[in-house]
Amino acid sequence: MNDEFTGPAIEWARLWPLFAVFGTALVGVAVEAFAPRSARCLIQSSVAGVGLAVALVGTVLVALELPERAGGAARGDVTAGGAVVVDGPTVFLWGLLVVVTVGGLLLFAERRVDAGLPVFAGQASLPPGSTAGPGGPGEPSYEDWEHTEVYPLLVFALGGMMLFCASGDLLTMFVALEILSLPLYLLCGLARRRRLLSQEAAMKYFLLGAFSSGFFVYGMALVYGYAGTLNLAGVAVAVRAGGGQEVLLLVGAAMVMVALLFKVGAVPFHSWTPDVYQGAPTAVTAYMAAATKIAAFGAILRFLYVGLGDARWDWAPLLWVVAILTMLGGVVLAVGQTEIKRLLAYSSIAHTGFLLTGVLGLQASGDLAEGQISSLQAVLFYLATYGVATVGIFAVTTLVRDPGGEAGSVARWTGLGRTSPLVAGAFAVFLLSLAGIPLTAGFVGKWSVFASAAGAGAWPVVAVAITSSIIAVYFYVRHIVTMFFADPPEDAPVVVVPSPLTSVTIAVALIVTVALGVVPGPLLDLAGHAGQFVR
Amino acid sequence: MIAFWVLAPVMVIAALGILFVRKAVHAALLLAVVMISLAMLYAALEAPFLFAVQIIVYTGAIMMLFLFVLMLVGVDASDSVVETIRGQRVLAVMVGGIFAVLLGVIVGQAGIGTAVGLGAANEGGNIEGLAEVLFSQYVLAFEATAALLITAALGAMVLAHRERLVPRETQADRAAARVRAYGEHGDHLGPLAAPGVYARHNAVDTPALLPDGSPAEQSVPTVISNRGTGRPSPSYRDVDRVVGQLQSRRDDQDPATDTVVEGSGSAARGEDA
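What counts, and where the lines are drawn
- Residues numbered from 1 in each chain as written.
- Chains lettered and ligands numbered in written order.
- Predicted model: local features only at pLDDT ≥ 70, side-chain atom pairs only at ≥ 80, totals over all residues.
- Heavy atoms only, no water.
- pLDDT = per-residue confidence, 0-100.
- Helix = DSSP H or I, 4+ residues; strand = E, 2+ residues; numbered from the N terminus.
- Contact = heavy atoms within 4.5 Å.
- Buried area = accessible area lost by both parts, 1.4 Å probe.
- Salt bridge = Lys/Arg side-chain N within 4 Å of Asp/Glu carboxyl O.
- Polar contact = N/O pair within 3.5 Å; in protein donor to acceptor, adjacent residues only side chain to side chain.
- Nonpolar A, V, L, I, M, F, W, Y, C, P; charged D, E, K, R; others polar.
- Buried < 20%, exposed > 50% of the residue type's maximum accessible area, 1.4 Å probe, protein only.
- Pairing = 2+ DSSP bridges.
- 1 Å grid on protein atoms, 1.4 Å probe; cavity = no way out; pocket = protein on both sides within 12 Å on 5 of 7 lines; lining within 4 Å.
- Points joined across faces, edges and corners; volume = space filled by probe spheres on them.
- Core = buried A, V, L, I, M, F, W, Y, C linked by side-chain atoms within 4.5 Å.
- Disulfide = S-S within 2.5 Å.
- Arc of directions from axis to C-beta.
- Expected span 1.5 Å × (residues − 1).
- Bend = angle between axes of the 7 residues up to and from the residue.

This brings us to the confidence of the model for chain B. All names here are of chain B. Mean pLDDT over chain B works out to 78, with 80% of the residues at or above the 70 mark. By mean pLDDT, the top-scoring element of chain B is helix α7 (residues 139-160) (91), and the lowest-scoring one is helix α11 (residues 257-272) (42). Counted against residues more than four places away or in other chains, residues 257-273, with its pLDDT under 50, gives 11 contacts. Scoring of the predicted complex yields 0.85 for pTM and 0.89 for ipTM.

With that out of the way, let us pick up the interface of chain A and chain B. Counting from both sides, the interface comprises 48 residues of chain A and, opposite them, 38 residues of chain B. Counting each side, the surface lost to burial between chain A and chain B is near 3,700 Å², with a carbon and sulfur contribution of 75%. Summed over the shared surface of chain A and chain B, the number is zero salt bridges. At the junction of chain A with chain B, the criterion picks out two residue pairs in polar contact (both at pLDDT 80 or more). Put simply, the parts of the chain that give the side of chain A that touches chain B at least two residues each are α1 (12-34), α4 (150-164), α5 (170-188), α6 (195-227) and α8 (246-264) of chain A. Broken down by element, the residue count for the side of chain A that touches chain B peaks at eight residues, all from α5(A). When the residues that make up the side of chain A that touches chain B are grouped by side-chain class, the tally is 36 nonpolar, eight polar and four charged.

Burial along strand β3 (residues 84-87) of chain A is two-sided: Val84(A) and Val86(A) facing one way and Val85(A) and Asp87(A) facing the other are all buried. In sequence, strand β2 (residues 74-79) of chain A turns back onto β3(A) through a hairpin of four residues, with Ala80(A) there showing a positive phi of about 55°.

This brings us to empty space enclosed by the protein. All names here are of chain A. Inspection of the entire model under this criterion finds seven cavities of 30 Å³ or more. Here the largest cavity defines a volume of roughly 350 Å³. Together, 26 residues line the largest cavity, and Arg193, Pro281, Thr282, Lys341 and Glu406 are the ones closest to its centre. Classifying every residue of the lining of the largest cavity gives nine nonpolar, eight polar and nine charged. Here the second largest cavity is characterised by a volume of approximately 50 Å³. If you go around the second largest cavity, the residues you meet are His351, Tyr382, Thr385, Tyr386, Ala389, Ser433, Leu434, Gly442 and Lys446. Sorting the residues of the lining of the second largest cavity by element identifies α13 (375-397), α15 (421-435) and α16 (441-455) as the ones contributing at least two each. Here the element with the most residues in the lining of the second largest cavity is α13; it accounts for four residues.

So, about the nonpolar core. Residue and element names in this part refer to chain A. Among the nonpolar cores identified, the biggest contains 205 residues, and Phe164, Phe216, Phe303 and Leu304 are the most heavily contacted of them. Residue contributions to this core peak at 19 residues, all from helix α10 (residues 282-307). If near-sequence neighbours (up to four positions away) are discounted, Phe216 is found in contact with Leu170, Met173, Phe174, Leu177, Met255, Val256, Ala259 and Leu260.

All names here are of chain A. In total, this model carries 12 salt bridges over all chains according to the counting rule given. Linking Asp310 and Arg240 is a salt bridge whose minimum nitrogen-to-oxygen distance equals 2.7 Å. With a gap of 70 residues between them, Asp310 in the loop between α10 and α11 (312-335) and Arg240 in helix α7 (residues 232-241) connect regions that are remote in the sequence. Between Arg412 and Asp491 there is a salt bridge, with the nearest N and O atoms lying 3.6 Å from each other. Separated by 79 residues along the polypeptide, Arg412 in the loop between β5 (405-406) and α14 (416-419) and Asp491 in the loop between α17 (459-484) and β6 (494-495) bring together distant segments of the chain.

This part is about the state of the cysteines. Residue and element names in this part refer to chain A. Evaluation of the coordinates by the stated rule reveals zero disulfides over all chains. In this model Cys41 remains outside any disulfide bridge; the closest cysteine sulfur is found in Cys188, 20 Å from its own. Taking the relative accessible area as the measure of exposure, Cys41 reaches 14% and is therefore buried. Relative accessible area serves as the criterion here: at 0%, Cys188 is assigned to the buried category.

Moving on: the sheet that holds strand β4 (residues 400-402) of chain A. All names here are of chain A. Ordered by their spatial adjacency, three strands build an open sheet running β5-β4-β6, and the pairing between neighbours is antiparallel. With one partner strand each, in any of the chains shown, β5 and β6 form the two edges of the open sheet. Two elements, β4 and β6, share two bridges in a ladder whose sense is antiparallel. Across the sheet, residue Val400 finds its bridge partner in β6, namely Val495.

Time to look at the sheet that holds β2(A). Residues and elements named next belong to chain A. Read across the open sheet, the three strands follow the order β1-β2-β3; overall the sheet is antiparallel. Each having just a single partner strand, β1 (68-69) and β3 make up the two edges of the open sheet. By the bridge criterion, four bridges tie β2 to β3 in an arrangement that is antiparallel. Residue pairing across strands places Thr79 opposite Val84, the latter belonging to β3.

In this section: α7(A). For the α-helix, the turn length of 3.6 residues means that residues three or four positions removed from each other point alike. Residues and elements named next belong to chain A. Listing the buried residues of α7 in full gives Leu232, Val235, Ala236, Ala238 and Val239. Projected down its long axis, α7 shows its buried positions confined to an angular sector of 165°, all on one face. Exposed and oriented more than 90 degrees from the buried face of α7 are Val237, Arg240 and Ala241. Packing partners of the buried residues in α7 comprise α5, α6, α8 and α10. For α7, the capping residue at the N-terminal end is Asn231, with a side-chain oxygen 3.0 Å from the backbone nitrogen of Ala233. Phi turns positive one or two residues past the end of α7, at Gly242, with a value near 75°.

The subject of this paragraph is the environment of Ala166(A). Residue and element names in this part refer to chain A. Inspection of the secondary structure puts Ala166 in the loop between α4 and α5. Residues Ala166 and Arg302, 136 residues apart in the sequence, show an inter-C-alpha distance of 8.3 Å. Ignoring sequence-local partners within four residues, the contact set of Ala166 consists of Ala83, Val84, Val85, Thr90, Trp94 and Arg302.

Residue and element names in this part refer to chain A. For Gly160, the position within the fold is in helix α4. Gly160 sits in the buried class, given a relative accessible area of 0%. For the pair Gly160 and Phe297, spaced 137 residues apart in sequence, the C-alpha separation works out to 14 Å.

All names here are of chain B. The end-to-end C-alpha separation of helix α3 (residues 48-73) is 35 Å, in line with the 38 Å expected for 26 residues at 1.5 Å each. For α3, the principal kink sits at Gln54 and spans about 25°. A positive backbone phi angle near 120° is found at Gly74, which sits one or two residues after α3.

Once that is clear, we can look at the side chain of Asp77(A). Residue and element names in this part refer to chain A. Its location among the elements puts Asp77 in strand β2. In terms of polar contacts, Asp77 uses its side chain to reach the side chain of Arg14, at 2.8 Å. Other than its neighbours up to four places away in sequence, Asp77 contacts Glu11, Arg14, Pro67, Arg69, Val84, Val85 and Val86.

In structure tokens form, the structure reads like this:
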């Protein structure tokens with residue numbers, strides 16, 4: 001032991017967007033404590049907005065200054081004693097996460113869709129169904145209150161996600177996993193309408209999430225037993241050296257993957273997804289569906305590629321099975337759904353399968369053909385297209401409303417294309433993108449992950465992926481057909497005109513979805529420019 | 001190794017007990033057994049700091065919090081054993097059992113030799129060694145835990161705290177309102193009579209009698225009078241008769257207060273029967 005302690009070198013120049021995000025959340029907590037209630041919503045959303053803008057600018061600045069490694073194949077630095085790796089994929093994911101969070105923030109602050117009321121519960125501790133406040137009409141009530149804590153919680157979740165996909169050792173990854181999960185559990189339980197469903201969703205997500213965290217810790221301990229270190233680069237060294245108790249590595253890695261696959265909702269661990277997506281406030285669903293998947297796939301990629309890259313032939317067969325099950329399970333279960341949000345939840349499970357197909361495309365960089373898309377590049381691009389379309393499509397679902405809240409049933413959307421072609425059209429474009437129809441971003445994303453998986457020899461998985469895409473097209477297009485080619489019912493739901501907050505979110509998501517379908521080049525290049533992970 | 005083989009069965013049995021006992025309090029106490037055994041294992045593995053922290057934080061603080069919560073919920077509270085999804089429990093036990101066997105077999109294959117590196121890790125002191133690790137390679141995770149704790153505190157406030165819409169009514173407020181009501185409507189200012197005072201019964205549904213023999217309606221709790229189960233006032237007309245009897249008896253005999261009271265009591269009882 002050294003007599004003199006030397007602290008780890010923390011490169012603030014690379015990490016400051018992360019700290020800016022955490023700082024923003026802390027400022028939000030302070031605002032919550034000291035600002036008067038009436039001013040809180042405005043202050044909170046502005047603080048979060050400014051914080052996110054700073055984080056976005058910071059991410060770009062950091063990305064521009066990343067040093068090249070390994071002859072240009074990778075860019076970035078390992079910092080904070082190996083705990084955090086800021087490299088090309090990290091900053092790409094950071095940028096994507098911040099953009100998606102901005103979308104989430106705009107939806108959080110929306111007030112016009114629900115007759116001037118916020119989208120979150122006035123007072124979460126009230127029993128569901130209880131009337132607001134003690135008095136009659138004219139008396140003070142909780143009705144127009146809002147839990148402004150949601151803004152710091154949103155920003156905390158973002159901070160956790162940014163740390164999650166940047167973590168260089170399993171311990172940091174675990175702490176980040178909890179930081180991103182805890183705010184999401186809370187946010188799920190704060191829906192203004194249908195409180196019981198929302199509370200049930202939060203409870204389920206929390207219990208199952210805690211269970212999966214237990215798997216992560218156990219797996220982490222076993223991996224430590226094998227490698228003697230929690231650092232992913234250290235694990236990679238131990239794997240390359242071979243020998244030792246290999247079963248510990250295999251079981252440990254499998255258990256860590258259980259927790260990570262739970263977060264993305266892959267099939268044996270997917271059962272929370274439909275309930276939580278349905279019960280959570282739609283603004284939270286939009287944010288969670290997109291951002292959690294982005295962050296968790298960042299972590300999966302780093303864990304498998306950096307830590308277990310040399311044990312590829314051990315984990316790939318298992319991941320084949322999971323990917324196939326996930327795609328088929330997602331689309332087959334989606335066919336029978338009658339609820340819009342459940343339908344989208346199952347479709348998001350199917351997308352997890354497509355992304356896992358992309359993850360299977362890992363090849364040594366020497367094996368890549370000239371000009372071939374690397375699997376990392378493909379998955380990063382797919383995450384971008386999926387994230388943007390998901391935020392957009394959930395934003396659209398907030399607009400179609402019955403007296404009691406959102407019109408959740410698919411049947412209620414019948415004939416929407418005739419009464420409000422704009423909303424139905426936007427919804428159709430997002431559906432087409434999720435289905436992967438050419439000229440939308442989803443097509444390019446799917447094509448790139450399939451191509452990279454096929455390049456790595458995962459032909460059977462790609463065949464299943466194409467089959468499930470075709471099944472998926474069936475229920476997406478069926479929905480579009482009922483929207484445009486059927487008469488609306490007598491008591492058709494109202495399509496509200498949202499404030500610019502939601503409109504801008506939908507419009508931007510729409511433009512990006514179409515633009516990435518027509519000219520995918522720049523973003524694909526950007527994802528390719530991110531290069532490989534830095535060890 | 002001896003410590004492990006002694007403690008491991010205790011811990012496994014206690015941990016299984018947590019799953020199978022019905023009462024939450026028993027589960028909490030079994031959890032304490034697991035935690036203390038863990039602490040002893042830490043001590044055997046030359047990790048004195050972890051040993052102390054395990055006892056102080058987990059067994060001391062967290063366990064006590066568990067128990068406090070259980071006391072609030074009710075010590076006898078036990079889980080509902082109704083299955084909402086049929087066959088779920090059997091299936092869960094089967095799959096869980098397969099998983100446990102699988103894990104046991106696989107991990108059992110790994111020949112876990114004697115622990116190495118303990119000496120190196122503890123060289124220069126256990127606490128110093130921990131501090132070195134905590135503040136070098138894991139310093140960021142350590143700091144990030146702060147975000148976790150803040151989120152947890154915030155979440156507890158969001159889910160459990162109910163803010164007041166109107167300020168709490170104090171005793172002074174209530175007194176002022178009473179005097180105001182007296183001034184405006186002439187409402188009774190003092191405390192209300194207790195039910196049953198001067199009446200034949202002292203049950204809560206019997207109004208007190210005013211000195212003139214008429215019932216004081218306000219002395220009956222409003223819940224009872226609203227429900228309509230209070231005794232109707234006409235049934236107290238017999239008070240007049242009792243008073244009359246007393247009067248006549250006083251005329252006949254030498255008046256003695258205590259016998260009068262006794263007499264009225266027995267007369268009332270007799271009539272009631």
